[in-house]
Amino acid sequence: MRILGECCLLVCLVTLGYSVFLTLAADSHRPSWRARLELWSTLLGFGGLSAVLAILAWALAVGDFSFRYVSSYTSQQLEWQYRLAALWVGQAGSLLLWAWLMSACALAVRFFNAAESSLQRTASGLVMFSVWFLVAVMVFAADPMQASLSTPQEGAGLSPLLQHPSMLIHPPVVFMAYALWAVPYALAIATLVDGRIDANWVRMARPWALAAWTLLGVGLLLGAQWAYQELGWGGYWGWDPVENGSLLPWLTGTALIHCLLAWRHSDTLKKTALALAIVTFALCNFATFLTRSGIFSSVHAFSESPIGWMFLAVMGCQVAAAVVLIVRRRTVILARSAFQHVLARETVILMSVFLLCLLAVIVMTGTLCVPLSTMFLGRTIQVGPEFYNSVLPPIGLSLLAAMAAVPLLRWGASPAAAHRRLLAICLLTGGACSLIAFALGMRNRIALVIVSVAIVTVATMIAEFVQNLRRRQRNSQGATAVGILRQGRRKYVAYVVHVGFAMVAIGITGSSLGTQRQEFTLSEGDAITWAGRQVRYDCLVQTELPKMLVAEAVLKVNRGDAPQVELRPARHLHLLQNEWTSEVAIHSTWRGDFYTILHAGLGDGRIVVTLVDNPLVNWIWIGGVVVTIGGFGAVLPTSRGRAAGSKPVANREVELDAAGDGRRSAAA
Amino acid sequence: MSPGLKFLAGGAFVALAIGYLALRGAAESWQYYLSVDEARAEAASLEGRRVRVSGRVVRGSLEIGTDRRQAAFDLSGDVDTLHVTCHCIVPDNLREDIEVVVEGSLAEGALSGNKVITRCASKYEAEAAAGRELAAGSAG
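A word on the overall build of chain B. Within chain B one finds two helices and seven strands. Of the regular secondary structure in chain B, the N- to C-terminal order runs α-β-α-β-β-β-β-β-β. When burial is assessed residue by residue, chain B has 47% of its 140 residues classed as buried. Looking at chain B alone, contacts between residues at least 24 apart form 46% of all its contacts between residues at least 6 apart. Looking at chain B as shown, the accessible area adds up to about 6,800 Å², and 54% of this sits on carbon and sulfur atoms.

Quick look at the nonpolar core now. A general tendency of soluble globular proteins is for nonpolar side chains to be buried together. The biggest cluster of nonpolar side chains holds 192 residues, and the ones touching the most others in it are Trp 201 of chain A together with Phe 73 of chain B. Broken down by element, the residue count for this core peaks at 18 residues, all from helix α7 (residues 165–194) of chain A. Among residues more than four places away in sequence, those in contact with Trp 201 of chain A are Pro 184, Leu 187, Ala 188, Thr 191, Leu 260, Trp 263, Ala 273, Leu 274 and Ala 277 of chain A. Among the nonpolar cores identified, the runner-up in size contains 18 residues, and Phe 520, Val 557, Leu 598 and Val 609 of chain A belong to it.

Attention shifts here to the sheet that holds strand β10 (residues 592–603) of chain A. Residue and element names in this part refer to chain A. With antiparallel pairing, the four strands of this open sheet are ordered in space as β2-β11-β10-β9. Only two strands of the sheet have a single partner each, and these edge strands are β2 (516–522) and β9 (585–589). Each strand axis lies, on average, 15° off the axis of its neighbour in the sheet, ignoring direction.

This part takes up helix α19 (residues 618–635) of chain A. Residues and elements named next belong to chain A. In a regular helix each residue adds 1.5 Å, so 18 residues correspond to 26 Å; α19 covers 26 Å between its end C-alpha atoms and thus fits that length. Those residues of α19 that sit buried are Asn 618, Ile 620, Trp 621, Gly 623, Gly 624, Val 626, Val 627, Thr 628, Gly 630, Gly 631, Gly 633 and Ala 634. Tucked inside the fold, the buried residues of α19 contact α8 (199–230), α18 (489–513), β9 and β10.

Residue and element names in this part refer to chain A. Residue position: Leu 248 is located in helix α9 (residues 241–266). When its relative accessible area of 1% is taken as the criterion, Leu 248 is described as buried. For the pair Leu 248 and Cys 284, spaced 36 residues apart in the sequence, the C-alpha separation amounts to 8.2 Å. Among all residues touching Leu 248, those that are not within four sequence positions of it are Leu 283, Phe 286, Ala 360, Val 363 and Met 364.

Our focus in this paragraph is the packing of α18 of chain A against α19 of chain A. Residue and element names in this part refer to chain A. The N-to-C vectors of α18 and α19 enclose an angle of 165°; their axes lie 7 Å apart at closest approach. Considering the angle they form, α18 stands roughly antiparallel to α19. Along this stretch, α18 crosses α19, giving a crossing that reads as left-handed. Of the residues in α19, those in contact with Arg 489, Val 493, Val 496, Val 497, Gly 500, Phe 501, Met 503, Val 504, Ile 506, Gly 507, Ile 508 and Ser 511 of α18 are Trp 619, Ile 620, Ile 622, Gly 623, Gly 624, Val 626, Val 627, Gly 630, Gly 631, Gly 633 and Ala 634. For the contact of α18 with α19, the class distribution of residues is 14 nonpolar, eight polar and one charged.

A few words on the pairing of strand β4 (residues 70–76) of chain B. Residue and element names in this part refer to chain B. With two bridges joining them, strand β2 (residues 50–57) and β4 adopt antiparallel strand pairing. Looking at the pairing, Val 57 lines up with Leu 75 of β4. Of the strand pairs in this sheet, strand β3 (residues 63–64) and β4 are connected by two bridges, and their pairing is antiparallel. Each residue of the ladder has a partner; that of Ile 64, found in β4, is Ala 71. In this structure, the hairpin formed by β3 and β4 is closed by a connection of five residues, where Arg 68 is found at a positive phi of approximately 55°. As paired strands, β4 and strand β5 (residues 81–87) are joined by seven bridges and run antiparallel to one another. Its bridge partner lying in β5, Leu 75 is registered against Leu 82.

On to unusual backbone geometry. Residue and element names in this part refer to chain A. The phi angle at Trp 239 is positive, at roughly 55°, despite the residue not being glycine. Looking at the element boundaries, Trp 239 is found in the loop between α8 and α9. Exposure remark for Trp 239: the relative accessible area of 14% places this residue in the buried category. You will see that Ala 531, though not glycine, has its phi angle at about 50°, which is positive. Position of Ala 531 among the secondary structure elements: in the loop between β3 (527–530) and β4 (533–544). In this structure Ala 531 comes out as buried when scored by relative accessible area, which is 19%.

Summarising the element assignment, Ser 452 of chain A is placed in helix α16 (residues 445–474). What Ser 452 of chain A contacts, discounting residues up to four positions off in sequence, is Gly 430, Gly 431 and Ser 434 of chain A.

Let's shift gears to the pattern of salt bridges. Residue and element names in this part refer to chain A. If you walk through the whole model with that rule in mind, you get 21 salt bridges over all chains. Of the charged contacts in the structure, one is a salt bridge between Lys 547 and Glu 79, with a shortest N-O distance of 3.2 Å. Here Lys 547 is found in the loop between β4 and β5 (548–558), whereas its partner Glu 79 is found in the loop between α3 (68–73) and α4 (80–85), with 468 residues between them in sequence. In this structure, the salt-bridge partner of Glu 566 is Lys 556, at a minimum N-O distance of 3.9 Å. Taken as a pair, Glu 566 in strand β6 (residues 565–567) and Lys 556 in strand β5 lie far apart in primary sequence, ten residues in all. Judged by relative accessible area, Lys 556 falls into the buried class, the value being 15%. Through salt bridges with shared partners, one network takes in Arg 536, Asp 538, Glu 552, Lys 556, Glu 566 and Arg 568.

Bringing the pairing of strand β8 (residues 579–583) of chain A into the picture now. Residues and elements named next belong to chain A. Within β8, four of the five residues are buried, which leaves the element mostly enclosed by the surrounding structure. Note: strand β7 (residues 570–574) against β8, five bridges, orientation antiparallel. Note on β8: the bridge partner recorded for His 572 is Thr 581. Linking two consecutive strands that pair antiparallel, namely β7 and β8, is a turn of four residues; a positive phi of about 50° is found at Asn 578 within it.

Moving on: helix α1 (residues 2–25) of chain A. If you check α1 of chain A, its first and last C-alpha atoms are 34 Å apart, about what 24 residues at 1.5 Å a residue would give, namely 34 Å. Residues of α1 of chain A that are buried: Arg 2, Gly 5, Cys 8, Leu 9, Cys 12, Leu 13, Thr 15, Leu 16, Ser 19, Val 20, Leu 22 and Thr 23 of chain A.

This structure, assessed with the given rule, holds 27 aromatic pairs over all chains. Note that Arg 379 of chain A overlies the ring of Tyr 32 of chain B, its terminal NZ or CZ placed 4.2 Å from the centroid. The ring of Phe 438 of chain A carries the charged tip of Arg 443 of chain A above its face, separated from the ring centre by 4.0 Å.

All names here are of chain A. Mapped onto the secondary structure, His 572 falls in strand β7. A relative accessible area of 16% places His 572 in the buried class. Residues in contact with His 572, not counting those within four places in the same chain, are Met 548, Leu 549, Val 550, Glu 579, Trp 580, Thr 581 and Glu 583.

Our next topic: a nonpolar patch on the surface. Where nonpolar side chains cluster on the molecular surface, the patch consists of Met 1, Leu 4, Trp 58 and Val 62 of chain A and spans about 390 Å² of accessible area. Secondary-structure assignment places Met 1 of chain A in the segment before α1.

Okay, the environment of Leu 95 of chain A next. Residues and elements named next belong to chain A. Along the chain, Leu 95 turns up in helix α5 (residues 91–112). Each C-alpha atom of the pair Leu 95 and Phe 175 lies 8.9 Å from the other, and the pair is 80 residues apart in sequence. Beyond its immediate chain neighbours, meaning those up to four positions away, Leu 95 contacts Leu 134, Val 137, Met 138, Ala 142, Arg 292 and Phe 311.

What counts, and at which threshold
Residues numbered from 1 in each chain as written. Chains lettered and ligands numbered in written order. Predicted model: local features only at pLDDT ≥ 70, side-chain atom pairs only at ≥ 80, totals over all residues. Heavy atoms only, no water. Helix = DSSP H or I, 4+ residues; strand = E, 2+ residues; numbered from the N terminus. Buried < 20%, exposed > 50% of the residue type's maximum accessible area, 1.4 Å probe, protein only. Contact = heavy atoms within 4.5 Å. Areas by Shrake-Rupley, 256 points an atom, 1.4 Å probe, with all protein chains shown as cover. Core = buried A, V, L, I, M, F, W, Y, C linked by side-chain atoms within 4.5 Å. Pairing = 2+ DSSP bridges. Axes fitted to C-alpha atoms, helices over the stretch in contact; angles between N-to-C directions. Expected span 1.5 Å × (residues − 1). Parallel < 35°, antiparallel > 145°, perpendicular 65-115°, else oblique. Left-handed = near helix turned anticlockwise from the far one by under 90°. Nonpolar A, V, L, I, M, F, W, Y, C, P; charged D, E, K, R; others polar. Salt bridge = Lys/Arg side-chain N within 4 Å of Asp/Glu carboxyl O. Phe/Tyr/Trp six-rings, centres within 6.5 Å; stacked < 30°, edge-to-face > 60°. Lys NZ or Arg CZ within 6 Å of the ring centre and 35° of its normal. Patch = residues over 30% accessible without salt bridge, like charges linked within 9 Å, V, L, I, M, F, W, Y side chains within 5 Å.

Here it is as structure tokens:
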């Protein structure tokens, strides 16, 4: 099977290379046999990658240790789900998965919309080129089919820290997002080469960008949750280079989605949109460089490998191509509208895009501080979380303020008098809520402002909806609430995403500013009062399982009149790896998490535990789910979108009208 | 002033303000990141200063307190070693013969640490390290 896999990989290298050559070199009048050959070589490449993936998955499932990859990441004792998860745990396997997902995207681009065949054929060819690059890396530097020097009886197993449900879906979701980001990039390059740069590009790129953005957000969220539940330090984000690597394309991707909106509705930010589509995928390659170059210090371990530098070179080529093409086409992609009003919707989007890009630059600077300082100062310097935390509140607050105001702003004009009145009422409501929070004991200024802005975000959304409903009912259009929601689904889904972000902001603020933690040494029967709770330590329970020894501390927690909660923070000794892990126990409510970590048993039943009170942290996860639902809701095509899907948009008015609150209504 | 210039001026002002905040944050949090050999060579000039030192835990040198609140070990570099004492919760995966980064301050030729970062949470293997089977995988 391993030899078959090797052969399939080589077939992929050849056929994909041939397919890329045929696709990118083809003209629209090529003979039909060439078109068929081009298609079949692409399909053969995809089939070959599917076969390699299936062979590796089979080898992992049955524990065929003649594959070096299998013996490096699995063992016979590992549960089946983690054996399969090992597919994306190692370097070669993750590259294989990424290549396969990207080749599926290339095929989907090809067949998604036949009306735009030349542009989509070029885009599909460009995505296939990225796949070919990954296959070349696998063939020459990270072979998933590599044989073990001698077939061992037992594999090394998977790190216990990675045996967590989040790890089953976090990496594939991130790789899926990276694969999807290849499509807006390829469409941007293809349209810049082609020279026909219009709203059709937005229509084609939008669903891919939204799906990629949503999935990358899910990936970041799952990664944060894994860190929170598994690493046992009570936090969820450490500004680690790997975390930053995935955050960067998400930030520029967020900016891209807003640029697409501005392009569609006000014919502005076109160059920025095209540049961001390319930069976002380039940053996905940059993230891969961060993981594999070996030049960073991180809680994630790295080692030196030439693979990282290959990805950096590809990223450099992508950015250079973007610069050259955008400069070449600068006259074609000039914005037809100018920014005239400070409080127009496109101006607020411009500001948000600017702030998101600024944040991306700052995160990248902080991440690259180590190599840059070594290169330019001759000393290696690292910056800590304070560097990022110093800029996050002002940028985050400005973005939240923009999100809060946007439902009551119009495209191409300042807000109407009625909208200004509503905005003032919403601001007063936010201010009043802030005062109530102050009266209830909240004293932190940033927290008070965040509460206020979050309330304004919800209030403006409701105000806009109610005003829209009343206006239509007044005009005897027989509008119902459901009808308005259905008609303006994209718009309201975007507002739902904004509400999700307001919830995430509340969660981040609460858990950053209000966290308390303390270590205790407790004897059996000890009771302490801490963070408004009474905690009693009952006993230490030790259990012997086939694969591990488990020591659990039984803690009884009481808070006010709430029912008693039993928490069992534990330590596991994994016998195969001879490695201890801490398994935290968390009691979650909407008010916050009570997080307990068992560090050691001292004998005589005494234990060392850390108790952490993390206020509002659940708001992050719930807000993240709201954002995800909104994101997927936005990907679904509207009925008008489906109708227009097969033909190019000829009239911008159609696009504006579809938004439900476009310039036409503003002018009216 | 044209709208374009106004937006440019506004953007430049915001970028400068955020840049200033970033610099202030960097000034509060920056640390030298040193190898063991660099830390040994510059121990006198860096005494009392917060640093991060990376190296490999020497076999046979690791002692962890029963309450896991302190640890002592030697860190090896290419040519030199550095004694480290840590007063912090010791990570579960701190073992001998692994790469770690210790954050702390240098005093009398030793490092007094208050944070140990182990490098085993996730890992892509190095081809250069062929022969050493690695037990952990990447978080992606």
